[in-house]
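# Fold and contact review
One-letter residues, chain by chain:
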Amino acid sequence: MNRIRTAALATVLGLFGLEADARQMREETVHFDEGQTTVELLDHIVGREAVTYRVYVRKDQTLQVRLDPSNPGTYFNVYEPDKGPGDIAIGSSDRTGPTVPDINSFSTKVSESGIYKVSVYLVRAAAREGEHSRYILEVTAGDVQGEVASASNAPASAEMAFSGPEFYVVDVNSRLRIHAAPSAESEVVMHAGNGTVFRNLGCLREADRTWCEIERPSDGLTGWAASEYLHGESGAFTTLVGLEETPYGHVDGWNILVRPDTGNGCIAESTRDGVQIQIGFDPVDDSTFLAIFTEKHMGFENGEHLAVLFDLDGDAFVGDITEEKRPGFEGGYVHVTNPDFLMDLSEKETLTVKPAGIPPFAVSLDGSKAAIGKMIECQLAQM
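The notes below deal with the structure included here. Note that the structure is predicted; figures quoted are calculated from it, not measured.

### Topic: the sheet that holds strand β4 (residues 62-69)
Overall, antiparallel pairing links the four strands, which are arranged β2-β9-β4-β7 in an open sheet. Both edges of this open sheet fall to β2 (38-46) and β7 (105-109), since each of them pairs with a single strand only. The sheet shows a mean angle of 15° between the axes of neighbouring strands, direction not considered.

Next comes the structure, spelled out in structure tokens:
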């Protein structure tokens, strides 16, 4: 077990008064065979365990869910994009309504594209007694999988037949963001460094960009990446995947990720107004950090140091950022040893960044308090 020694974590835990959630949460991504729109999932839960299934559905498609459990105290909730357990569900299978024609049956035409979540659980009495339930969960998601296709390096049309390389190799200067859905606005499920190898699951065209679904061979984790950052390598799988960020959760527009390369430090990450922002724990350095990446060109080279003034609603501090380039972004990290930093940040509304040599830019901190709370919960889970 990794023990977090940072004073910042100990202080913030006390300030937020958080403790680990008693319910055990597990997430799974729903995949469909080529040309299919329905899949049957055989799974089981015990006691307080709950499983959340993530399924991508496009606007105006129909999402249908049916549950056939061995334990009658087993039900599910359905959540719209950016929502999950703890939020208001668009359907609860334990009672009939507009989207639930029968118990444990759900159907609706969705109003927006995105990742919908189906959370299967045992009712409180059954969970408290440690009861067990085996079930079949049938999920139907319109014709989304019928539009999946792939080509050698950058497929131009979703109407192309599934073909191309067996593997893709990431081709970036820094790290590539892998998304939960074929959209830059969807949550980030992991990052990948240059040269990382993924299995090719197929590509599709969305608006003016081609997205490819890829799978990490080491653990089967999947996501979507823009094809311009992928290089096809048929039969050339020779590199093992390194330790990259893995997802923990999502709250109020922020992704919560775990970084194995820093002793399982947890981070909160969001992209807004052309700016990527990260807040996180670094157990290796006994510190917290703030990372800012912007679409603005700073004109510095990788590894070069840059003095930056940060303004948090009028409270200013200076940091030394080590410049780093990512696909379409430039910026870097600044480490903070002040244990009150996260608490201060969670109470602010706007972060204004004033780098030397370029005009200042601002980024909203909406949702940062909930994100930092979720990040602390994540860090507790690593102990």
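### Points about the side chain of D43
For D43, the position within the fold is in strand β2. Assessed through its relative accessible area of 12%, D43 is described here as buried. For D43, the side chain forms a polar contact with the side chain of R26, separated by 3.2 Å. Beyond its immediate sequence surroundings of up to four residues, D43 is in contact with R26, V51, Y53, S133, R134 and Y135.

### As for the nonpolar core
Core analysis: the largest hydrophobic core is formed by 32 residues, its most contacted members being I277, I279, L290, I292, F310, L351 and M375. In terms of residue count, the dominant contributor to this core is helix α4 (residues 368-381) (five residues). Counting residues in each nonpolar core, the second largest holds 27 residues, with Y116, A127, Y135 and A141 among its members.

### Some points on unusual backbone geometry
Phi at D60 is positive, roughly 70°, even though this residue is not glycine. Secondary-structure assignment places D60 in the loop between β3 (50-57) and β4. Here N104, not a glycine, exhibits a phi torsion of approximately 60°, which is positive. Mapped onto the elements, N104 comes out in the loop between β6 (91-92) and β7.

### Some thoughts on the state of the cysteines
Chemically, a disulfide is nothing more than a covalent bond linking the sulfur atoms of two cysteines. Taken as a whole and assessed by the stated rule, the structure comprises one disulfide. Across a sulfur-sulfur distance of 2.1 Å, C266 and C378 are joined as a disulfide pair. One disulfide, between C266 and C378, carries an S-S torsion of -70° and so falls in the left-handed class. Residue C266 is located in strand β19 (residues 265-272), and its partner C378 is located in helix α4; the two are separated by 112 residues in the primary sequence. Across the pair, exposure class does not vary: C266 and C378 are buried alike.

The rules we used
- Residues numbered from 1 in each chain as written.
- Predicted model: local features only at pLDDT ≥ 70, side-chain atom pairs only at ≥ 80, totals over all residues.
- Heavy atoms only, no water.
- Pairing = 2+ DSSP bridges.
- Helix = DSSP H or I, 4+ residues; strand = E, 2+ residues; numbered from the N terminus.
- Axes fitted to C-alpha atoms, helices over the stretch in contact; angles between N-to-C directions.
- Buried < 20%, exposed > 50% of the residue type's maximum accessible area, 1.4 Å probe, protein only.
- Polar contact = N/O pair within 3.5 Å; in protein donor to acceptor, adjacent residues only side chain to side chain.
- Contact = heavy atoms within 4.5 Å.
- Core = buried A, V, L, I, M, F, W, Y, C linked by side-chain atoms within 4.5 Å.
- Disulfide = S-S within 2.5 Å.

These values are about where atoms sit, not about what they do.
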